[in-house]
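Secondary and tertiary structure notes
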Amino acid sequence: MERSAMNQDRQATYAALDAWIDQHFDEQVRFLQALVQVPTDTPPGNNAPHAERTAELIQAFGFEAEKHAVPAQEVKDYGMESITNLIVRRPYGPAGSGRTIALNAHGDVVPPGEGWTRDPYGAQIEGGAMYGRATAVSKSDFSTFTFAVRALEAVAKPTQGAIELHFTYDEEFGGLLGPGWLLAQGLTRPDLMIAAGFSYEVVTAHNGCLQMEVTVQGKMAHAAVPHTGVDALQGAVAIMNALYAENVQYRQVTSKVPGIRHPYLNIGRIEGGTNTNVVPGKVVLKLDRRMIPEENPAEVEARIRAVITQAVEGFNTERGYGSADALRVDIKRLLLANAMTPLPGNQPLVEAIQQHGEAVFGEKPPAVGTPLYTDVRLYVERGIPGVIYGAGPRTVLESHAKRADERVVLQDLRRATKVIARSLADLTA
């Protein structure tokens, strides 16, 4: 009888949380619109103004945001313009009385690019969805997490533990000056964490990522006398062919993590040449190598360097170039993001989100891995169990994340907020 009464109390709490979120949902939508309407294109990465605006908006809810500005020179050396990370601390009892749960979402975004049919920063609502860059990933979860915490405090009134909101601005460059910087500075050390999501799934693992810059150096010459130069673009083609051939081999390297298939290599940017009538003397390639959790990053990088070196040697040998006029190559690592692997302590997070996801959505969300990479790994690397869950569609593709006409379905935003609020009620009970 006692257990039945406790269960009834819990169900009443969940229903009250849902009702609070429904009553305040128009306010939540306006909050998200205000966040989307402040651009945070990265690059160039001038993101401090958005942090200031976020702090101003949440102050109206009674939330005081600590503003942690990363030193300007450090940001500049990193390739961005300004970063101010925010921490909002909500303690519910004496220190040590319960777990501290961090909720992290990033405000930096890739530039809109071409092909939009709506203003990328207009936050226009049409057909039950809000359109704009970061509506899905991940300014949407600034609102999901903020309003879930507001509902928790208004309804469940927890008396132990604590919640922290981490709003950071360096996910697109790898997270080292976002969550990585907050953690390295000793500004936070939560027991559990939930990071911004992008689909109905509970993500417990993700790929790693290695990004490299390859500078191919030849010798410029007039196109009328090409034999007097060394064509860096032809050399780059030899390198690209060798790298793309690796993708055939990667299909044989499969992951045991559901949701993750095999490694992949992509050459995403090529720059070079001076004019149409000039043999290119220099070409720069930027590549992205996704690593499954089972791979060793050091071995992956060594293999790529070897493939490039062998391709250059073959190019020089085929053309009979000596040391004086040989094609040369410089390889620089831009980013190494380790894979996120599940920690045993994440089970309370997974169970709570799955339970309430099933109650709110009508089906149990699977716990899977994703081929994306995120800055959640920076928490996990420090032994902090975490999962990825928040507002998003059934699949990442449906959200148009990082593509034109990115959008979030408002009903998905509402339901994800309820799932987070209910889960927090359990975790802080």
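Structural notes, computed from the coordinates. (Residues numbered from 1 in each chain as written. Predicted model: local features only at pLDDT ≥ 70, side-chain atom pairs only at ≥ 80, totals over all residues. Heavy atoms only, no water.)

Digging into helix α3 (residues 48-59)
For clarity, the cut-off: Helical segments are the DSSP runs of H or I of at least four residues, strand segments are the runs of E of at least two, and each set is numbered from the N terminus. A helix is expected to span 1.5 Å multiplied by its residue count minus one. Here a residue-residue contact requires only that any non-hydrogen atoms of the pair lie within 4.5 Å.
The first and last C-alpha atoms of α3 sit 17 Å apart over 12 residues, in line with the 16 Å expected at 1.5 Å per residue. Against the buried residues of α3 lie α2 (25-36), β1 (66-69), β2 (84-91), α5 (139-155) and β6 (162-168).

Comments concerning the packing of aromatic side chains
Note the threshold: The aromatic pairing rule takes the rings of Phe, Tyr and Trp, using the six-membered ring of Trp, and pairs them if the centres are within 6.5 Å, calling planes under 30 degrees apart stacked, those over 60 edge-to-face and the rest tilted. Classification of residues uses two cut-offs on accessible area relative to the type maximum, computed with a 1.4 Å probe and protein chains only: under 20% is buried, over 50% is exposed, and between them is partly exposed. A positively charged side chain is recorded as over a ring if its NZ (Lys) or CZ (Arg) lies within 6 Å of the ring centre. The angle to the ring normal must also be within 35 degrees.
Taken as a whole and judged by the stated rule, the model has nine aromatic pairs. Relative to F147, the ring of F31 has its centre 5.8 Å away and its plane inclined at 50°; by these criteria the two rings are tilted. On the criterion of sequence distance, the pair formed by F31 in helix α2 and F147 in helix α5 is long-range, its members being 116 residues apart. Residue F31 shares its accessibility class with F147, and that shared class is buried. Ring geometry for F315 versus Y321: centroids 6.2 Å apart, planes at 50°, classification tilted. Residue classification places F315 among the buried positions, given a relative accessible area of 4%. One aromatic cluster is present, built from ring pairs that chain together W20, F31, F61 and F147. The aromatic ring of F61 is capped on one face by R150, whose charged end is 4.2 Å from the ring centroid. The ring of F147 is capped by R150, whose NZ or CZ atom sits 5.0 Å from the centre of that ring.

Some remarks on the sheet that holds strand β11 (residues 264-272)
How we decide: Two strands pair under a simple rule: DSSP has to find at least two bridges between them. Axis geometry follows a simple rule: fit a line to the C-alpha atoms, using only the stretch in contact for helices, then measure angles between N-to-C directions, giving values from 0 to 180 degrees.
Taken together, four strands build an open sheet; the order of strands is β11-β13-β9-β14 and the sheet is antiparallel. Each of the sheet's edge strands pairs with one partner strand only, and the pair in question is β11 and β14 (328-337). Strand-to-strand twist across the sheet, computed as the mean angle between neighbouring axes with direction ignored, equals 20°. Sheet topology places strand β9 (residues 208-217) next to β14; nine bridges connect them, and they run antiparallel. Of the residues in β14, the one forming a bridge with T215 is D330.

Some points on the packing of α5 against helix α11 (residues 410-427)
When two helices pack together, their arrangement is given by the angle between their axes and by how far apart the axes lie. Heads up, the condition is: These descriptions rest on fixed angle ranges, namely under 35 degrees for roughly parallel, over 145 for roughly antiparallel, 65 to 115 for roughly perpendicular, and the rest for oblique. Two helices crossing with the near one rotated counterclockwise from the far one by less than a right angle form a left-handed crossing, whereas a clockwise rotation gives a right-handed crossing. Under the scheme applied here, ten amino acids are nonpolar (Ala, Val, Leu, Ile, Met, Phe, Trp, Tyr, Cys and Pro), four are charged (Asp, Glu, Lys and Arg), and all others, including Gly, are polar.
Put simply, α5 and α11 touch, their axes get as near as 8 Å, and they point 45° apart. The pairing of α5 with α11 is recorded here as oblique in orientation. Taken as a pair, α5 and α11 cross one another with a handedness that is right-handed. Contact with α5, carried on its side by S140, S143, T144, F145, F147, A148, V149, A151 and L152, involves L413, A416, T417, I420, A421, L424 and A425 of α11 and no other residues of that element. Residues belonging to the contact of α5 with α11 are distributed by class as follows: 12 nonpolar, four polar and no charged.

Focus: the nonpolar core
What counts, and what does not: What we call a nonpolar core is a set of buried Ala, Val, Leu, Ile, Met, Phe, Trp, Tyr and Cys residues that are connected through their side-chain atoms within 4.5 Å.
Counting residues in hydrophobic clusters, the biggest one holds 56 residues, and the most contacted among them are L103, V149, L165, I194, Y389 and L424. With seven residues, α5 is the largest single contributor of residues to this core. Grouped together as the second largest cluster of nonpolar side chains are 26 residues, M212, I267, I308 and V312 included.

Some thoughts on the pattern of salt bridges
Heads up, the rule is: Here, a salt bridge means any Lys or Arg side-chain nitrogen found within 4 Å of an Asp or Glu carboxyl oxygen.
Counted by the stated rule, this structure contains 24 salt bridges. One salt bridge connects E52 with K67, and the closest N-O pair in it is separated by 2.8 Å. A residue pair is termed long-range when its members are at least 10 positions apart, and E52 in helix α3 and K67 in strand β1 qualify at 15 residues. Judged by its relative accessible area of 39%, E52 is partly exposed. With a closest N to O distance of 2.8 Å, E126 and R118 form a salt bridge. Residue E126 is classed as partly exposed on the basis of its relative accessible area, which comes to 35%. The class of R118 is buried, set by a relative accessible area of 17%. A single network of salt bridges, built from pairs that share partners, joins D22, R414 and K418.

With respect to the sheet that holds strand β4 (residues 124-126)
In spatial order, the strands read β4-β5-β17; together these three strands make up an open sheet with antiparallel pairing. Across the chains shown, the open sheet's two edge strands, defined by having one partner strand only, are β4 and β17 (407-409). Strand-to-strand twist across the sheet, computed as the mean angle between neighbouring axes with direction ignored, equals 25°. By the bridge criterion, three bridges tie β4 to strand β5 (residues 129-131) in an arrangement that is antiparallel. Looking at β5, one finds that I125 is bridged to M130. Sheet strands touched by α11: β4, β5 and β17. Its angle to β17, the strand with the most contacts, is close to 65°.

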